[in-house]
Number of protein chains: 2
Amino acid sequence: MMIEISSLLAKSGILASDHTSVVSMNLFVALLCACIVIGHLLEESRWMNESITALAIGLCTGVVILLTSGWKSSHLLVFSEDLFFIYLLPPIIFNAGFQVKKKQFFRNFMTIMMFGAVGTLISFIIVSLGAMHFFKKMNIGTLTIGDYLAIGAIFSATDSVCTLQVLNQDETPLLYSLVFGEGVVNDATSVVLFNAIQSFDLSHLNSGVALQLVGNFMYLFISSTVLGVLAGLLSAYIIKKLYFGRLVYKLNADELSLCFLFMKLDGDYINFYLNYGHSTDREVALMMLMAYLSYMLAELFYLSAILTVFFCGIVMSHYTWHNVTESSRVTTKHAFATLSFVAEIFIFLYVGMDALDIEKWRVVSDSPGKSAVVSSILLGLILLGRAAFVFPLSFLSNLTKKSPYDKVDLKQQVTVWWAGLMRGAVSMALAYNQFTSKGHTQLRDNALMITSTITVVLFSTVVRHHKPLQSRTQD
Amino acid sequence: MMIEISSLLAKSGILASDHTSVVSMNLFVALLCACIVIGHLLEESRWMNESITALAIGLCTGVVILLTSGWKSSHLLVFSEDLFFIYLLPPIIFNAGFQVKKKQFFRNFMTIMMFGAVGTLISFIIVSLGAMHFFKKMNIGTLTIGDYLAIGAIFSATDSVCTLQVLNQDETPLLYSLVFGEGVVNDATSVVLFNAIQSFDLSHLNSGVALQLVGNFMYLFISSTVLGVLAGLLSAYIIKKLYFGRLVYKLNADELSLCFLFMKLDGDYINFYLNYGHSTDREVALMMLMAYLSYMLAELFYLSAILTVFFCGIVMSHYTWHNVTESSRVTTKHAFATLSFVAEIFIFLYVGMDALDIEKWRVVSDSPGKSAVVSSILLGLILLGRAAFVFPLSFLSNLTKKSPYDKVDLKQQVTVWWAGLMRGAVSMALAYNQFTSKGHTQLRDNALMITSTITVVLFSTVVRHHKPLQSRTQD
């Protein structure tokens, strides 16, 4: 039944052309396997892990494709924010919630909120103003005020995906919960910021608009959380109520007599109609589907889907997980971690391949120095923006804590500052969204922003990854 | 970062319009959950199981959508062969191979091959000739000889997906391996048949062409099998060689000293740099990716991807599975079963929703009797076609067996005949491919063929499903 597959693919419009797309998919899956194996082999090395391996392999593949295609294109798949937000991000964030140490997370809830909300706002203002100041001096003239604010939002978004790879929650639970929690709340803040940039009249920023922004943020945060918690509780209720795991080997007399009538079955055949009720499959399927449903529901209501699925993960690991069979527990724990792991590798491979986006590099190739300067300025602003909120807010947070164990000391503050430096696929997705139309641009300044984003992402990821291999599950 | 999601979706071109598609996805995932829960609740009932529940829920939803959309459309998603062949079928067939009882399968290998290859050919000839004979009398004039042969191929394809749900391999291993094995080999045969219909000049069928067909089939069968086996063995080799599961808690002195130098970390932080090597995630990810890779590679070389992934599943369960950690074993066993389970439910929900394809029904609505007659003729031909090979071939197969346990007695022959009656999503996909262009047709006879296929699929599925709930895994 497979002959028509290539024409079917073409027909469906999802994949561009017949055989080429099958080749691309093959190559991509093979590269994913290679990343896992090579990443594992390089585990001993200080500078490598799966993410960096994926980035490097992506870059190398990009070069090869670039050469074989005659300097026309470097990717197998065009960077699609859709793929990222609909398929790759949900399992990563859900798994983070599912495996997070809940006690630490809730103990530091206020600090996390301050970092995520107030901190992001501070960083956003500094990066926006800084970019405006420096870029105007550099004669990058075509950028509008909206573009500068977007730059602020793009480079204020801590990449929770990368961050998860750098810190280990078992070894540094306080830091992990701070940095990761900040990343999640950060997302909700970014939603509000982006909305603001696109809908509010920013030339007349007054207290009314500011209040509206704060109200919007509170609504978004609370409703997203409630939705996630409700979805988690519902799954726990359903699984508990239905006792999936306990409906084993039930015989139905009616049915048996029917068997005998119908086919004159002998003894051997009775078992044929036994009811096993493959409960584990059902439980795992239901947990996966409900988690995904919560994410999509949040999308539906224009909430922060990342926050929703994160809290859904927390509730599921706290309630649902204890109602299922033992094999469901092992399966969900590892299956979710695996999905998340593959999605991460996928993203890094993707970003690596996309980094050689020849179209944009060609546009900015007449001024390589400018691109380097812009990237450096942005990196500097990111460092400055983070410093401007991590240290003061940590100080404020320490004032409210009594126990010295809950205080964030200077060393830890440095780690929080440094760990949140990374910009990843989220920044890429936002930059593509702001500065290109369907992944293409011919405007010089827009192309410059894309290439600078790529540079910042690659640089910050590689620098931060001096041997950061940690596990989310230990065996 | 979610605000732009709707426009992103629209941009990507994968989903038709912004908010509507998010609504559709929500509804679809919610319906999947409902199918699992309601299917579980109805487990006691003789006539229901998850598949029928999914079909019924799909039909009901179709009616509701039909009414709310003002009789315009009945589906959330247009039936896409791409979705079916690329995402839903691989996990189902792989899982079947992964959980199949290998001993029984190989013991009956010759019988399975006869049923799958010779039997399908016999059935194909009978259905084609029968359709030609009856439909010409009924004045369905626009069908070409190619269409009749396609009808033969469409209705000779035993649906392995549905069949898996009817038989239980633990209770009736012989029957299960016969019927399921037939379904898998059947697929390879169908590839050859479809190729023949489209490329060979069938008006001049001579011994040369026939030999070419046989050679083509042998090549396809052998190369697909070899590819699957190689992929399975490679995964076993990689996992064994890399000892994923044994690389736990390794400390790297170099790295540690770097830590101390770099951040003056105290004792607490040493663990931070411990190497857990989340081996289970890696192993499970690698198994999943390699299995999918084998499927896509088969597509790439125009082989029978179903055969390939089936044998890959067999080899993985026999070799790879024994090299991985205990938690990987539990996880793979249940995760693959869960994926397969969700894919099955998805297909039935999809088919149920698609059954009310108003466009086609409207075209044939002037002659409801004709549609019913065509469906009945097709059902009759399917029964006849199966009878024409199951009983003679079983007789031949019995002649070669010495042990009475290996012989297929009359009762079992009846079961094989009856169990293979079902036509499912595979037939639907082929019918859509042959008789529509991108899911649409205005030709009366083509629409008639689609509606008849839908009728046959619904009827055969419901009739065959008198309480067939079995498990693929037991807890």
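Residues numbered from 1 in each chain as written. Chains lettered and ligands numbered in written order. Predicted model: local features only at pLDDT ≥ 70, side-chain atom pairs only at ≥ 80, totals over all residues. Heavy atoms only, no water.

Q: So what's going on with the packing of helix α3 (residues 50-68) of chain A against helix α14 (residues 326-354) of chain A? Which residues, and what values?
A: Packed helix pairs are characterised by how far apart their axes lie and by the angle those axes make with each other. Residues and elements named next belong to chain A. Contact geometry of α3 with α14 gives a least axis separation of 7 Å together with a crossing angle of 35 degrees. Crossing hand, α3 versus α14: right-handed. When α3 is examined against α14, the residues E50, S51, A54, L55, I57, G58, L59, T61 and G62 are found in contact with a partner set consisting of F341, I345, F348, L349, V351, G352 and M353. By residue class, the composition of the contact of α3 with α14 is 10 nonpolar, five polar and one charged. (Axes fitted to C-alpha atoms, helices over the stretch in contact; angles between N-to-C directions. Helix = DSSP H or I, 4+ residues; strand = E, 2+ residues; numbered from the N terminus. Left-handed = near helix turned anticlockwise from the far one by under 90°. Contact = heavy atoms within 4.5 Å. Nonpolar A, V, L, I, M, F, W, Y, C, P; charged D, E, K, R; others polar.)

Q: Can you lay out the packing of aromatic side chains for me, pointing to particular residues and giving the numbers?
A: Here the distance between the centres and the angle between the planes together describe a pair of aromatic rings. Per the stated rule, a full pass over the model turns up 35 aromatic pairs over all chains. Summarising the aromatic geometry, the rings of Y292(A) and Y295(A) are spaced 6.4 Å apart at their centres and angled 15 degrees between planes, so their arrangement reads as stacked. Taken together, the residues Y292(A) and Y295(A), both in helix α12 (residues 279-300) and three residues apart, mark about one turn of the helix. On the accessibility criterion, Y295(A) (0% relative accessible area) is buried. Considering the side-chain rings of F98(B) and F336(B), the 5.1 Å spacing of their centres and the 90 degrees angle between planes classify their relative orientation as edge-to-face. Here F336(B) lies in helix α14 (residues 326-354) and F98(B) lies in helix α4 (residues 81-99), a separation of 238 residues in the sequence. Residue F98(B) is classed as buried on the basis of its relative accessible area of 6%. Pairwise contacts between aromatic rings join F105(A), F106(A), F109(A), F221(A), F310(A) and F311(A) into one cluster. We note R329(A) situated over the ring of W321(A); from NZ or CZ to the ring centre the distance is 5.8 Å. (Phe/Tyr/Trp six-rings, centres within 6.5 Å; stacked < 30°, edge-to-face > 60°. Buried < 20%, exposed > 50% of the residue type's maximum accessible area, 1.4 Å probe, protein only. Lys NZ or Arg CZ within 6 Å of the ring centre and 35° of its normal.)

Q: Kindly report on a nonpolar patch on the surface, identifying the contributing residues and their values.
A: All names here are of chain A. There is a patch of nonpolar side chains on the surface, built from V214, M218, I222, V226, L230, L233 and Y319 and spanning about 640 Å² of accessible area. Within the secondary structure, L233 is located in helix α10 (residues 207-242). Assessed through its relative accessible area of 37%, L233 is described here as partly exposed. (Patch = residues over 30% accessible without salt bridge, like charges linked within 9 Å, V, L, I, M, F, W, Y side chains within 5 Å. Areas by Shrake-Rupley, 256 points an atom, 1.4 Å probe, with all protein chains shown as cover. Salt bridge = Lys/Arg side-chain N within 4 Å of Asp/Glu carboxyl O.)

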